[in-house]
Structures are given as C-alpha cells and as structure tokens.
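Structural features, examined
Chain by chain, the residues:
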Amino acid sequence: MKAIRRFTVRPVLPDPLRPLSDLARNLRWSWHAETRDLFQSVDPERWAASDGDPVRLLGSVSPTRLAELAEDHGFLRRLTEVAGDLDEYVTGERWYQAQPGGLPAAVAYFSPEFGVTAALPQYSGGLGILAGDHLKAASDLGVPLIGVGLLYRHGYFRQSLSRDGWQQETYPVLDPNELPVALLKEADGTPAQVSLALPGGKLLRARIWLAQVGRVPLLMLDSDVEENALGERGVTDVLYGGGSEHRLLQEMLLGIGGVRAVRTYCRLTGHADPEVFHTNEGHAGFLGLERIAELGDQGLDFDAALEAVRAGTVFTTHTPVPAGIDRFDRELVARHFGPDAELPRMDVGRILSLGMETYPGGEPNLFNMAVMGLRLGQRANGVSLLHGQVSREMFSGLWPGFDPEEVPITSVTNGVHAPTWVAPEVFRLGARQIGAQRTEDAMTVGGSDRWDAVADIGDQDIWELRRVLREHLVDEVRERLRASWRQRGAGTAELGWIDGVLDPDVLTIGFARRVPSYKRLTLMLRDRDRLMDLLLHPERPIQIVVAGKAHPADDGGKRLVQELVRFADDPRVRHRIVFLPDYGMAMAQKLYPGCDIWLNNPLRPLEACGTSGMKAALNGCLNLSVLDGWWDEWFQPDFGWAIPTADGAGTDPDRRDDIEASALYDLLEQRVTPRFYERGEHGLPDRWIEMVRQTLTLLGPKVLAGRMVREYVERLYTPAAHAHRAMDPASARELAAWKARVRAAWHAVTVDHVETSVATPTAELGTTLGLRVRVGLGDLNPEDVDVQAVSGRVDPEDRITDAASVPLKPAGGPDAEGKWVYEGPLALDRTGPYGYTVRILPTHRLLASGAELGLVAVPSEEAVEGAGVLLR
C-alpha cells in the first residue's frame with residue numbers, strides 16, 4: 001500500500017545529547033574527521049546504512065541506544081570536545097580576521113549548484129563541486145561569505161545502466177525535512193518567503209532553506225510551496241531541466257529572488273550586508289537587475305545605478321565554448337520583465353540591452369547570460385591561465401578595438417578543498433610527520449609554495465600508503481559493480497567473476513567526469529587492440545576505473561557511455577576495466593585516492609580548468625593529461641605526463657583523435673607502465689615514488705581551494721569592495737554622466753599626426769626616442785583621456801605582441817584648430833623587430849580598466865607616415 005501523506009518524525013534527543021543535533025546540522029562534519037568518528041560511534045551499522053549522513057543516522061537510532069549514550073561518560077566527554085571545537089571554529093578568529101583593514105564586510109556568492117556533501121545532492125558536476133569547495137575554503141579562512149542557490153526537489157538525476165549498457169535516469173524525491181537544512185523563519189515563527197511577479201498577475205513564491213557550511217550560511221530557494229500554482233511549484237524541480245522558459249524562471253529566482261533572500265537573511269540575523277556580489281557563471285546574472293532596481297527605489301536613475309552595481313560585482317566565467325552559455329530568445333525575456341511582470345519600474349529595453357549580442361558574429365535576437373554577467377560586473381575572471389586567455393578571445397567583441405590580451409578578464413585558477421578530498425590515510429601520514437594541526441593548516445590556509453616536509457617521509461611509507469588506498473578502491477569497485485549488475489538484471493549466480501575484478505598490485509588509472517563529447521570518454525577505445533594489450537600485458541598490466549554521467553538530453557553522450565560499457569563487459573577484459581554508474585561525491589572520495597594515474601584527455605582548449613586531477617594529486621596520484629586547463633599551467637615532467645595534442649586549425653577531428661590516442665598509448669607503453677613496475681635495489685619503484693613525492697611537494701600547495709579563495713579576496717573581492725564604497729550616489733551619477741558624455745563625443749577623438757626624433761629604420765638598444773603626437777579631442781578635455789605610446793616586439797604582420805604602454809603628456813593648451821600636442825619619451829629596451837603605435841583611451845578615477853568602455857582611438861594610415869616601425 002502507498003502512503004497518502006508523508007511525515008518526517010524527528011528523534012527527541014535526551015538533554016545531554018542535544019549538541020548532536022547542532023553537529024548534524026552544520027555541514028562541517030562532512031570534512032571534519034573527529035565529528036564523523038563521533039557519529040559513527042553512535043551506531044556503526046546504522047551509520048553505514050545512512051551513507052554517513054548524521055541527520056539520517058539520528059532519525060533511525062533507537063530511543064534505547066540514545067538513553068545508553070546519555071549515560072556514557074566517555075561518549076559525553078567526546079561530544080563536549082567536538083561541540084566545543086565546532087564552536088571555536090565558527091566564532092574564533094581565522095586568516096581573514098588577521099588581515100589588514102579594508103576587506104569586504106560580506107560577500108554574496110551565487111551559484112546554480114553546490115556540491116558540499118553527498119548528503120545534500122544539489123550538484124551535477126564540476127561547477128557545483130567547485131562552488132561547494134569555495135564555501136568550505138571560505139569557512140576555513142573566516143571569509144564572511146553568504147552562499148545563494150536553489151533547492152531542487154529532485155536534485156540531479158541518479159544514473160543506472162540497462163542490460164545493454166544504456167544510461168537510465170531516475171529522479172528521487174528529496175524531502176527537505178530529511179536533509180541537513182532548516183527553514184529560515186521570521187521573528188513570529190512563520191517561514192520567510194521571497195516572491196517574483198510573473199506575467200498575467202501571477203506570483204512565484206519561494207521559501208528559503210538554510211544549510212550551515214561551517215561558518216558560511218548557504219541560502220537555498222525552494223518554489224515547492226502550497227501557495228504556488230502547480231507550474232510555479234515545479235520551477236525548482238530538477239537541476240538543469242526543462243525548456244527555455246523553465247530555465248529562465250530558475251535563473252530569475254536564483255538571481256532576483258536570491259538577492260531578496262540575502263536581504264531577508266541579513267535582516268533576520270544581523271549578518272553584515274554584502275558589499276560584493278560574486279556570480280559563479282552566468283546563471284545568476286539577473287542579481288544585478290535586482291540591485292539596480294533597489295537603487296532605483298532609493299532615487300538613482302538606471303545609468304547611475306548600473307555603475308554602482310558594476311563596482312561591487314565579480315563575474316566568473318567557466319565555459320570556453322559559446323554553446324555552454326545560457327541564451328534566451330529576447331521576446332521571452334521581454335515578456336518576463338516590465339510593467340506586467342517583474343521589475344515593473346525598469347525599462348525593458350534597458351534590461352535587454354545588457355544581454356544582447358550586439359557585436360560582430362553575435363545573434364541579434366538572443367539574450368546571452370554571460371554577456372549580461374560581463375556588462376554587469378566590473379571585474380571578471382576565467383578559472384585557469386589558459387581559460388582566461390580563451391575567455392578574452394571569446395568575449396573580445398564586447399571590447400572592440402582592443403587586442404584580446406587587453407580585454408579586462410583576468411583569471412584565478414580553481415582549487416579544491418583538501419580536507420574534503422584527501423583520504424584519511426594521507427592526512428594521518430602528514431600528521432605523523434608534522435602534527436595534526438600543522439597538517440590541517442597546510443591543507444586549509446596554505447600560503448607556502450612547497451610542502452618540503454614530504455621529503456622526510458620514507459619511500460616504504462609512501463609505497464605502502466599507495467597500496468592500501470588501491471586496495472580500498474578495489475573493494476569499493478567490486479561492491480559498486482555487484483550492485484550495478486544486479487540493477488542490470490543479473491542474478492547472484494552470474495556474478496562470481498566480480499570477486500576477481502581489479503588487483504591491488506596493478507597500475508590503476510582513473511577517468512571520471514561528466515560526458516560531453518569534448519571530454520572524449522572513449523578516446524581510450526580508439527585502438528582496441530592496443531588497449532587490450534595494455535590491459536592484459538603479462539608483466540606490466542594496467543587496470544582502468546571509469547565513471548561519468550551524460551546529460552539526460554544528450555543521446556550522443558549516452559552512446560559514448562554505452563560504447564565504453566560494452567567494451568568493459570567483454571569477459572576477456574572485464575577484470576581489468578570497469579564502468580561505475582552514478583558518479584557522485586561519495587564515489588569520488590574513494591576513487592581519487594585509490595588511483596595511481598588520473599587520465600584527462602579533453603579537446604584542447606575546451607577544459608576551462610578541470611579540478612578532478614587536483615583532487616587526485618593531493619592523494620599522491622600522478623596526472624596523465626592533455627595540456628589544458630590547470631595542467632597547462634602547472635605541468636612539470638617531475639610529477640606527471642603531458643599527452644601531445646594535434647590542435648592545429650586544419651586537423652580533421654577524426655585524424656586528431658587518432659593522433660592523440662596513439663600518443664596516449666605510446667606514453668602508457670613506453671614511459672608510464674615501465675616506471676611503475678621497475679624496482680630499485682630495495683624492491684621498490686624508486687622513480688615512481690619520487691614522482692609521487694614531487695606531486696605532493698610541488699602541486700599540493702598550488703591546488704588548494706584555500707589558495708584560490710585567498711586570491712579572490714586579495715585580487716577581486718577587496719578591490720570590488722573599495723570600488724563599491726567609492727561609488728556613493730553622487731559618484732555613481734558623476735561616472736554615469738561622464739560615460740554618456742564620452743560616448744557621445746568619442747567620434748571626434750582622433751590621432752592626427754605622429755612624429756619621432758629618430759627617422760631611421762634602426763636604432764641602438766638603450767636609445768630613448770622623443771614622441772610628439774597631435775590629437776583631436778572634440779568636446780572632451782585632456783583629463784578625460786589617456787594618450788599612450790604602446791610599444792613592443794612585432795610579428796611579420798607588424799602586430800605588437802608583448803605590448804607595454806607609457807603615458808604621453810600635453811605640451812601646452814589647444815592650438816588654433818583646437819588640437820592638442822602630446823609628448824613623451826619612448827625607451828628602446830629590447831632588441832630585434834620592434835614597433836610602436838599611439839592610442840587614446842578614456843580615463844576616469846572610478847574606472848577599473850582603460851578598456852572598460854570598449855573605446856579606443858588609433859592613428860589613421862595618413863597620420864603614421866614617417867612615424868615608421870623601428871628596429872626591423
């Protein structure tokens with residue numbers, strides 16, 4: 001029989017055990033070993049059955065057992081210690097509190113998904129895991145962050161396989177009352193709500209659930225409330241589900257509703273109002289519109305409010321391909337804003353102008369969420385050095401006239417939260433070396449360039465650790481594989497072979513990620529005979545563990561999964577290669593430590609960062625990867641291998657896959673497997689162990705989320721907070737009026753004549769040239785512009801490649817024609833082909849970059865005659 005109504009019956013904890021409830025509700029337990037150990041000791045069997053979720057555990061423990069624990073002095077002593085440790089962690093001073101003044105009072109961090117723990121399944125892949133790690137690292141550092149997301153009733157789908165290996169999806173219903181979250185309530189005890197106006201006079205209402213991530217509150221909006229009509233109740237049903245309008249409503253709720261939720265939370269708790277708003281990818285971009293509307297209600301016009309909002313906004317882009325960005329039909333967006341819908345006092349045309357692709361190659365009828373994010377954020381970044389470069393080229397149309405390297409998008413390379421991803425055995429080895437507290441500080445706060453203490457760990461200890469982790473993985477794989485085959489319809493009698501799957505002494509390769517085509521799940525199958533030879537080599541075999549989900553609507557991705565599964569089902573190799581369905585955080589935490597090699601073979605440069613290899617590296621796993629994302633930045637032969645790429649523009653995709661797969665097989669056959677299996681005089685693989693040591697020593701400190709969040713604080717949040725404070729209403733009006741005046745007058749800004757003190761085509765290193773430039777400023781004044789000489793090496797087409805700029809100064813007032821003469825020196829500090837040009841940029845004390853307006857004036861061809869290219 002099926003229940004007609006469902007309740008969550010909460011346990012009544014005896015008074016001495018009340019702190020257990022607080023510990024279960026703060027997600028710090030997900031990365032704090034002592035807290036997890038405490039919960040495990042409540043009831044080890046039920047702890048395992050609850051998948052390590054304290055809320056589920058406490059809901060299932062018998063009253064008899066609770067009464068026993070309430071009388072157990074040893075348990076109560078441990079409970080007091082762990083509860084006291086959490087209190088000190090949440091209230092004590094940390095890295096952020098020890099920094100000099102001027103830091104943001106608070107930062108609001110918006111993301112469509114957050115992967116904090118498997119017990120709160122609100123993530124689909126790398127973007128969400130990164131967001132979860134960002135919150136956890138901010139908590140460890142004491143950064144006053146407020147996370148903002150949605151609470152999806154079905155989360156992301158669960159993956160299983162049919163008998164013939166086809167991906168199948170199920171969407172289990174998540175009851176928030178059974179999750180580690182609590183409703184945000186008004187002072188009178190009623191649930192706090194936010195609402196959005198929809199076309200036709202309807203309302204979209206949402207409750208606010210609070211997940212406590214250490215020190216950081218995470219606010220999650222949930223539209224499944226009784227007051228909503230059926231359609232509106234389903235807005236927060238599935239992560240990345242539904243059609244265009246469904247996605248638009250999710251993103252309006254995240255951005256606009258999210259700001260309203262932050263305001264509600266700060267009002268109810270006294271938390272400082274955010275000075276900086278950080279949008280993690282374009283999904284939350286509408287937050288800027290809500291903040292413009294707030295300032296409009298305070299008397300600022302749209303343009304001034306836009307400048308005030310831009311000053312305190314940080315936008316992070318995560319996609320290196322236009323297809324990965326949410327884009328909506330302009331008519332759909334227009335229908336949801338204006339007098340009959342949301343933000344009624346705001347001109348719809350102005351809203352649309354923020355997201356339209358008004359640049360060469362853009363689609364004029366599409367509203368682009370990343371474009372809006374960049375127009376609403378004064379500071380923007382990619383997530384690795386290479387991705388920053390790709391992003392500058394991809395979005396250069398927004399800054400016409402500027403070379404891609406000057407587009408104002410910087411980069412902060414992602415990091416991962418070590419306490420979440422480092423196996424307990426690895427942590428214990430570090431603690432044995434330098435003590436538990438120093439190990440924890442090294443993994444959370446970071447700050448050092450090297451972990452030199454790793455040098456003192458013996459080879460035998462490292463090798464034993466690696467084998468123990470491999471053994472744990474083998475056990476995990478067999479258990480998961482058996483469950484998967486049962487789901488596929490196999491009977492117990494058919495599954496005896498699983499006891500022989502994988503070998504704890506064989507070189508183990510991991511490959512686990514989402515399955516879009518560019519990640520090339522099946523590149524390893526390109527030459528199946530060579531792969532079989534590697535898997536079944538008599539002296540130097542390899543074994544491979546593969547996992548990953550294809551998007552439910554991506555049949556191409558599902559075919560790749562099926563192709564891999566069918567290969568792994570072959571009785572000849574199924575003991576050496578496995579596909580594990582339902583890849584998620586719980587599986588990943590076992591997978592990364594247990595692998596010897598982490599394989600990554602995307603199409604370069606389509607991997608924005610790719611953090612799975614970082615998590616593997618923190619456990620002493622070596623990376624074997626295409627030079628893309630973070631690996632392009634930090635690869636060294638000391639601690640991994642680079643797969644050569646054939647990414648020339650003229651290479652046929654099939655041919656490219658053949659070339660790169662062949663290079664992968666060559667590396668495995670000739671360099672990777674020999675190094676793993678070669679033994680030195682003490683019977684250990686000395687050269688392999690040294691690579692593990694170098695991975696931990698040199699990569700460990702770099703890949704930390706603590707390093708990443710510190711960079712955000714120092715390079716983006718703090719400058720944004722300063723800009724926000726400087727942008728009071730008067731300054732915002734001044735900057736908006738100045739920008740309007742400059743844009744209107746820019747057509748008359750010209751570089752009319754350039755001359756130099758050296759007329760010959762060569763000059764000696766160390767020479768200083770005198771430049772004299774005649775410019776027209778139209779209705780602008782010298783204080784409105786920056787006249788620069790830009791110089792550097794030139795390529796065969798006379799493009800300046802490594803440009804440096806120096807300002808030129810006015811030499812007196814305007815002449816009879818109203819023109820100005822600027823002068824200045826130009827030092828020739830490099831040999832070889834060298835050139836210069838002159839340009840004029842707008843300048844104002846409140847701009848973050850000279851490129852911000854996308855305006856630049858350069859010499860016409862007539863103006864440069866005689867100015868010449870130097871040192872050819």
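Calculation notes
- Residues numbered from 1 in each chain as written.
- Predicted model: local features only at pLDDT ≥ 70, side-chain atom pairs only at ≥ 80, totals over all residues.
- Heavy atoms only, no water.
- Helix = DSSP H or I, 4+ residues; strand = E, 2+ residues; numbered from the N terminus.
- Expected span 1.5 Å × (residues − 1).
- Buried < 20%, exposed > 50% of the residue type's maximum accessible area, 1.4 Å probe, protein only.
- Polar contact = N/O pair within 3.5 Å; in protein donor to acceptor, adjacent residues only side chain to side chain.
- Phe/Tyr/Trp six-rings, centres within 6.5 Å; stacked < 30°, edge-to-face > 60°.
- Lys NZ or Arg CZ within 6 Å of the ring centre and 35° of its normal.
- Pairing = 2+ DSSP bridges.
- Axes fitted to C-alpha atoms, helices over the stretch in contact; angles between N-to-C directions.
- Contact = heavy atoms within 4.5 Å.
- pLDDT = per-residue confidence, 0-100.
- Parallel < 35°, antiparallel > 145°, perpendicular 65-115°, else oblique.
- Left-handed = near helix turned anticlockwise from the far one by under 90°.
- Nonpolar A, V, L, I, M, F, W, Y, C, P; charged D, E, K, R; others polar.
- Core = buried A, V, L, I, M, F, W, Y, C linked by side-chain atoms within 4.5 Å.

Observations concerning helix 21 (residues 555–568)
- Taking 1.5 Å per residue, 14 residues should reach 20 Å; helix 21 reaches 20 Å between its end C-alpha atoms and fits that length.
- Every buried residue belonging to helix 21 is among Gly557, Lys558, Leu560, Val561, Gln562, Leu564, Val565, Phe567 and Ala568, and all of these are buried.
- Between the side-chain oxygen at the start of helix 21 and the backbone nitrogen of Gly556 there is a gap of 3.2 Å, and the oxygen is on Asp554.

Some words on the packing of aromatic side chains
- A full pass over the atoms with the stated rule returns 20 aromatic pairs.
- Summarising the aromatic geometry, the rings of Phe110 and Phe277 are spaced 6.1 Å apart at their centres and angled 40° between planes, so their arrangement reads as tilted. Note that Phe110 is positioned in strand 1 (residues 107–110) and Phe277 in strand 9 (residues 276–280), a separation of 167 residues in sequence.
- The ring of Phe511 has Arg513 lying over it, and the distance from NZ or CZ to the ring centre is 4.4 Å.

Notes on the sheet that holds strand 24 (residues 804–807)
- In space, the 3 strands of this open sheet follow the order 24-23-27, with antiparallel pairing throughout. Both outer strands of the open sheet, strand 24 and strand 27 (834–842), are each paired with one neighbouring strand and no more. Averaged over all pairs of adjacent strands, the angle between strand axes in this sheet comes to 30°, irrespective of strand direction.
- Summarising the sheet, strand 23 (residues 785–793) and strand 24 pair through 4 bridges and their orientation is antiparallel. Bridge pairing in strand 24 links Val790 to Ser805.

Brief notes about the sheet that holds strand 17 (residues 577–580)
- Read across the open sheet, the 6 strands follow the order 17-16-15-18-19-20; overall the sheet is parallel. With one partner strand each, in any of the chains shown, strand 17 and strand 20 (640–643) form the two edges of the open sheet. Going across the sheet, the axis of each strand differs from the next one's by a mean of 20°, ignoring polarity.
- Relative to strand 18 (residues 597–600), strand 15 (residues 507–512) runs parallel, the two sharing 2 bridges. Along strand 18, the bridge assignment pairs Gly510 with Trp598.
- The strands touched by helix 20 (residues 528–535) within the sheet are strand 16 (542–547) and strand 17, with strand 16 carrying the most contacts at an inclination of about 115°.

A look at the confidence of the model for the chain
- Considering every residue of the chain, the mean pLDDT works out to 94; 97% of them sit at 70 or more.
- Note that residues 866–872 has pLDDT below 50 and, in this model, 30 contacts with residues that lie over four places away or in other chains.

Quick word on the environment of Asp224
- Structurally, Asp224 can be placed in the loop between strand 8 (216–222) and helix 8 (230–233).
- Taking C-alpha positions, Asp224 is 8.0 Å from Asp237, a pair spaced 13 residues apart along the chain.
- When sequence neighbours within four positions are dropped, the list of residues in contact with Asp224 reads Arg153, Arg207, Arg233 and Thr236.
- A polar contact is formed between the side chain of Asp224 and the side chain of Arg233, at a distance of 2.8 Å.

Looking at the packing of helix 10 (residues 287–297) against helix 11 (residues 302–311)
- Relative to each other, helix 10 and helix 11 sit at 125°, their axes nearing to 9 Å. On the basis of their axis angle, the class for helix 10 and helix 11 is oblique. Helix-helix and strand crossings are classified by hand; for helix 10 and helix 11 the assignment is right-handed. Taking contact as the criterion, the partners of Gly288, Arg291, Ile292 and Leu295 in helix 10 are, on helix 11, Phe302, Ala305, Leu306, Ala308 and Val309.
- When its residues are assigned to classes, the contact of helix 10 with helix 11 shows 7 nonpolar, 1 polar and 1 charged.

Remarks on the pairing of strand 6 (residues 193–198)
- Of the two faces of strand 6, only one is covered, namely that formed by Val194, Leu196 and Leu198; the face formed by Gln193, Ser195 and Ala197 stays uncovered.
- Pairing between strand 6 and strand 7 (residues 202–213): 6 bridges, direction antiparallel. Bridge pairing links Ala197 to Leu203 in strand 7.
- Between the end of strand 6 and the start of strand 7, which pair antiparallel, lie 3 residues, with Gly200 showing a positive phi angle near 85°.

Regarding the nonpolar core
- Residues Met524, Ile544, Ile597, Leu624, Trp641 and Trp688 are the most contacted members of the largest nonpolar core, which totals 106 residues.
- When near neighbours in sequence (up to four residues on either side) are disregarded, Leu624 contacts Ile597, Trp598, Leu599, Asn600, Trp641, Ile643, Leu664, Leu667 and Leu668.
- Listed in part, the 98 residues of the second largest apolar core include Leu196, Met252, Leu300 and Leu376.

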